[in-house]
Structure formats: C-alpha cells, structure tokens
Amino acid sequence: MSEPIRVIDSHTGGEPTRIVLSGVPDLGGGSVLEQMQVFGERFDNFRSAIVNEPRGWDAMVGALLVPSDHPECEHGIIFFNNVGTLWMCGHGTIGLGVTLRYLGQADLGIQKVESPVGVIEFELLDDHTVQLINVPSYRYRKDVEIDVPGYGPATGDIAWGGNWFFLMKEHGQQLELENVRQLTAYCTSVSETLARHNLVGEDGKAIDHIELFAETDNPEADSKNFVLCPGLQYDRSPCGTGTSAKVACLLADGVIGPGEIWRQESIVGSIFEASAVWNDDKSRCIPTVRGTAFVTADAQLILQGEDDLRFGIGKSDS
C-alpha cells in the first residue's frame, strides 16, 4: 500500500463520493457480490484508510471500480462508508456517472454497472446530471408501530430501495439543518428500537437506514427528508436508495401514479426528482432518480508504512 492510490472525489447534492481508480486490492473475480464479501472479510483496513480520518471523514462514501463478469456491464461497483460495505448507493451511482464522464470513460446515454444487489442503469444526461434506474424496490411492511424510549410511540414503513429503510412521516421532529444533532439522536434511538424488537427486512437483514419526512415550504419540492445512514452520519443528499424506497411506498398508496414525478428535498436543500413504474405483477416497482453531481478533487492518496494512523484512527495492521 505504499504506491499512490488515485481517487476522484465528487459530491451529489452535498453528499461526498470517493471513487478509487487505482490500487484496488485483488478481490479474486466472480460476481460483484462475491467480490464485496472478500473485500469486507480481508481488506477492511483498506476501506478504513480510504474514507476514515485522518485521510477521509465520517460522511465520506467510497467506491471501488472492480471487474464485472456480467455480459452487459463494463464495470462493477462496491460502495462502502465509515463502518463497512453498503449494498447499494444511489447518490454514489450519480457521482460515479459524473466521474466516468470527467475521465472521458462514459458518453452521454445509458450505462450499466453491476452492484452487489444486481445490475443498475444510469443515464448521463449532461456533464453533471445523471438519471439512475434503480433495482426493483418495494414496501415490505406498512404502519409498523414502535415505542421509542424517551420519545414515545412512532409509526413507519419498512421498505427496500437497494438498502433497507424505516420511513417515518409521524415522528414529532423538526427537520431543520440546525437540528442535526437532535435528529441524529432520535434516529439512533429508532434504529436501536428496531434491532431490540428484531424488526428487520424481508431477507432478515438489518434495517440500517432511518428516514424521516416532513412538509416543506420549498415550492420546488414535494417533501423534505432526513436520512441517518449506518455509521451514524446523515445523508446530505436526499438519498438515492431512500428516495427509491419512498416512491415505492407512494406508488403503493396511490399518492403518485406510475411515472409521476416526486421531488425530494434533503436536509441541506438539494433535490432529487424521482418516479416509479410497476413491474408486471405489481410486486415491485422500478424507481428512477435524477440528480446532479460535481467533481471536487482528482487526487492521489499516500499510505506510508511508518504512519501508525495510515489505516484510519482506531485501525492497525492486525
């Protein structure tokens, strides 16, 4: 790891993405899901070195460009954050599209990439605008009642949009940027309550994203959200997988019709435009999420052997 590692940094609606282009460890090939499992089991120090302090920061989302053996995909993508790998990342896929465009490796139009949860598509509309066609999404359970210690009763939906979400409209919180600490504390308590009562996704996986919604006075948006991600960092963007889960619920409830646009505002004011259409048996929907991203750095990371903190604070060679 003494060789420079080239990365491209970008932000999508305020949420950072760091794409690793060189120095990626050999993950042995196979499906991207299999490569992600190897990465998580054998190269956690590399993950931490890329996104954690002192080289990164807790809100940074990283991504490895890896080989794909899928016949329709030129690349595979593995996303990760400050605590581990992610099944999928919507804002990161938008950042990936803009990064590939910046590198001259993607033309305008539709591209396909293999993720651990399946093939995803994105369409480059211009140098900064990407439309993600996400994995099939759906609501698993509606109006799940919980009692959040210190806060009281609350209700939410469990839904999949590439990650598992607990989506809450009635929560009693004020969704304002200056309330981030309080919102983080509340969502942390919700997450702990879900785990304590063994409330999980359909496949038994943890619900590791909490998403709050509220009305907005922004005429350009239909609602505002606050999303707490695994690792206890909030999403600065409206969250691509979370917005996918949201439109799946809206479509199921008849709030929006197939193809109707929903404009989701983030806690920092950035906006994604989203819609969804049913699959053939209406058990799943295919969400589309449009957002913008901008490259912020083209850099080389250096991991020096004498640096005791080269793998990130709290990590070591062992």
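Residues numbered from 1 in each chain as written. Predicted model: local features only at pLDDT ≥ 70, side-chain atom pairs only at ≥ 80, totals over all residues. Heavy atoms only, no water.

### What about the nonpolar core?
For the record, the criterion: Only buried residues count toward a nonpolar core. Its members are Ala, Val, Leu, Ile, Met, Phe, Trp, Tyr and Cys residues joined through side-chain atoms within 4.5 Å. Relative accessibility under 20% of the residue-type maximum defines a buried residue, over 50% an exposed one, and the middle range a partly exposed one, all with a 1.4 Å probe and only protein chains included. Each helix is a run of DSSP H or I of at least 4 residues and each strand a run of E of at least 2, with the numbering of both proceeding from the N terminus. Throughout, a residue-residue contact means that at least one pair of heavy atoms, one from each residue, lies within 4.5 Å.
Residues Ile146, Phe166, Val190, Leu212 and Phe226 are the most contacted members of the largest nonpolar core, which totals 58 residues. For this core, the element with the highest residue contribution is helix H4 (residues 180–196), accounting for six residues. For Leu212, the residues in contact, after removing those within four places along its chain, are Met168, His171, Gln173, Leu175, Leu183, Tyr186, Cys187, Lys224, Asn225 and Phe226. Val20, Val51, Met60 and Val66 belong to the second largest nonpolar core, which has 20 residues in total.

### A word on helix H3 (residues 90–102)
Note the following rule: Given the number of residues in a helix, its expected span is that number minus one, multiplied by 1.5 Å.
Its 13 residues give H3 an end-to-end C-alpha distance of 19 Å, which sits within 8% of 18 Å, the value for a rise of 1.5 Å per residue. In terms of burial, H3 is largely enclosed, as 11 of its 13 residues are buried. Those residues of H3 that sit buried are Gly90, His91, Gly92, Thr93, Ile94, Gly95, Leu96, Gly97, Val98, Thr99 and Leu100. Among the residues trailing H3, Gly104 stands out with phi positive, at a value near 75°.

### Some words on unusual backbone geometry
Residue Pro54 is reached from Glu53 by a cis peptide bond, and omega for that bond is 10°. Within the element layout of this structure, Pro54 appears in the loop between helix H2 (44–51) and strand S3 (61–66). The residue Leu232 is not glycine, and still its phi comes out positive at about 60°. Residue classification places Leu232 among the partly exposed positions, given a relative accessible area of 48%. The phi dihedral of Lys282 falls on the positive side, at around 60°, and the residue is not glycine. The class of Lys282 is exposed, set by a relative accessible area of 56%.

### With respect to the state of the cysteines
Selection criterion: Cysteine sulfur pairs qualify as disulfides if the two atoms are within 2.5 Å.
Throughout the structure, instances matching the rule amount to zero disulfides. In this structure Cys73 is a free cysteine whose sulfur lies 17 Å from that of Cys89, the closest cysteine sulfur available. Given the relative accessible area of 7%, Cys73 is considered buried. With no disulfide partner, Cys249 has as its closest neighbouring cysteine sulfur the one in Cys285, 8.7 Å distant.

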